[in-house]
Amino acid sequence: MTALIPFLAILMGKQRVLSGVQPTGNLHLGNYLGAIRNWVEIQDQYDNFFCVVDLHAITVPHDPTVLAGNSYAIAALYLACGIDLAHSNIFIQSHVSAHAELTWLLNCITPINWLQGMIQFKEKAVKQGENVGTGLLDYPVLMAADILLYDADKVPVGEDQKQHIELTRDLVIRMNDKFGTKKAPVLKMPEPMIRKDGARVMSLTDGTSKMSKSDPSELSRIELLDPPEAIAKKIKKCKTDPARGLEFDNPDRPECNNLLTLYTLLSGQTKETVAAECADMGWGQFKPLLTETVVEALRPIQEKYAAVMDDRAYLDSVLRQGREQAEVIATVTLDRVKTAMGFSTPV
Ligand code: TYM
């Protein structure tokens, strides 16, 4: 039945969604609230492809002994967070070689200064010093290939990926101008899907910088697989301020806004309810409440994750099926691009 999903989705006129996460370290609340939670919420309205972008993970120095294991763990987390195979396909990027091949074709129409201007490239390049690899510069083109191979209509991501999707859109215009016609465009134009709440979860140790896997301090982020004691410790130590009462949207209180937002999203309440509930609270009262909310929100994810990781045969079958579905669609797009660019067909 699941093998028929993409075809049924087309018959039902569903738009397609593509998104992905890098298998570098454990996922944190930013990845969950900015991306995966949204995938889960919208999945029944779309035909979905969620990939683990392991080719992206090697654009910074990596350890080959953990790469494959990390990819499987992230795929298991997708399932644990509620990705449902009745609506969605899960696959590993490197299992579908069309991603690398389309990247090459797109590279050849990408002006290098578009890539040199990317915010994430500049930030990561500074961290790598002398040893910046070509892959890091080319990272957004690989991401464009991920999206464009599937003719994706929507790309649900956090705020930090917006610039990469703009570049993807510019590449669509360039490819279609050079090699397509108005009637027969080569590539489909995708749109970012960025929700307001949770699109930019901030660090626990600095409310003005993004929660990130690469922050050297583990205290800066809550990971989805953190045990309750670690969550309690991180929230106990997180940065706050001396003001009395808790409030949203005060630019002088970024930590307060971030922690209230986490509480709102993970408790499933509205902003207004939380604003009223916490208006007179001090940190001593709020922190245990936030701790309990985070622990309870992550408990079912952690339990499901453990069950999926215990059944390797099941996970393998999910990824095999996902790859098969992905390959069918990716191959059609790749052939279309190659034909438009003038390549010969093998005899
Ligand atoms: P990555 O692995 O850095 O992050 C995965 C997703 O999590 C979101 N995110 C956040 N959202 C809110 N607050 C935060 N602090 C936070 N940190 C991360 C990201 O916006 C992202 O949605 N280039 C991508 C992966 C990628 C991709 C793609 C995404 C590769 N190909 C194709 C969409 C479509 C990345 O590095 O995400």
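Further up the page is the structure itself.
Model, not experiment: these values are computed from the prediction.

Engineer: Can you break down the packing of aromatic side chains residue by residue, with the values?
Structural biologist: If you walk through the whole model with that rule in mind, you get seven aromatic pairs. Judged by centre distance (5.3 Å) and plane angle (25 degrees), the ring pair of F49 and Y150 falls under stacked. Linking F49 in strand β2 (residues 47–52) with Y150 in the loop between α8 (134–149) and β4 (154–156), this pair joins segments that are 101 residues apart in sequence. Of the residues examined, F49 reaches a relative accessible area of 0% and is grouped as buried. A network of ring pairs unites the aromatic residues W39, F50 and Y78 as a single cluster. It is K271 that lies over the ring of F248; its NZ or CZ is 5.1 Å from the centre.

Engineer: Account for unusual backbone geometry, naming residues and giving values.
Structural biologist: Phi at D151 is positive, roughly 50 degrees, even though this residue is not glycine. Relative to the helices and strands, D151 resides in the loop between α8 and β4. Of the residues examined, D151 reaches a relative accessible area of 19% and is grouped as buried. Even without glycine at this site, D249 takes up a positive phi of about 60 degrees. Under the relative-accessibility criterion, D249 is labelled exposed at 52%.

Conventions and cut-offs
- Residues numbered from 1 in each chain as written.
- Predicted model: local features only at pLDDT ≥ 70, side-chain atom pairs only at ≥ 80, totals over all residues.
- Heavy atoms only, no water.
- Phe/Tyr/Trp six-rings, centres within 6.5 Å; stacked < 30°, edge-to-face > 60°.
- Helix = DSSP H or I, 4+ residues; strand = E, 2+ residues; numbered from the N terminus.
- Buried < 20%, exposed > 50% of the residue type's maximum accessible area, 1.4 Å probe, protein only.
- Lys NZ or Arg CZ within 6 Å of the ring centre and 35° of its normal.

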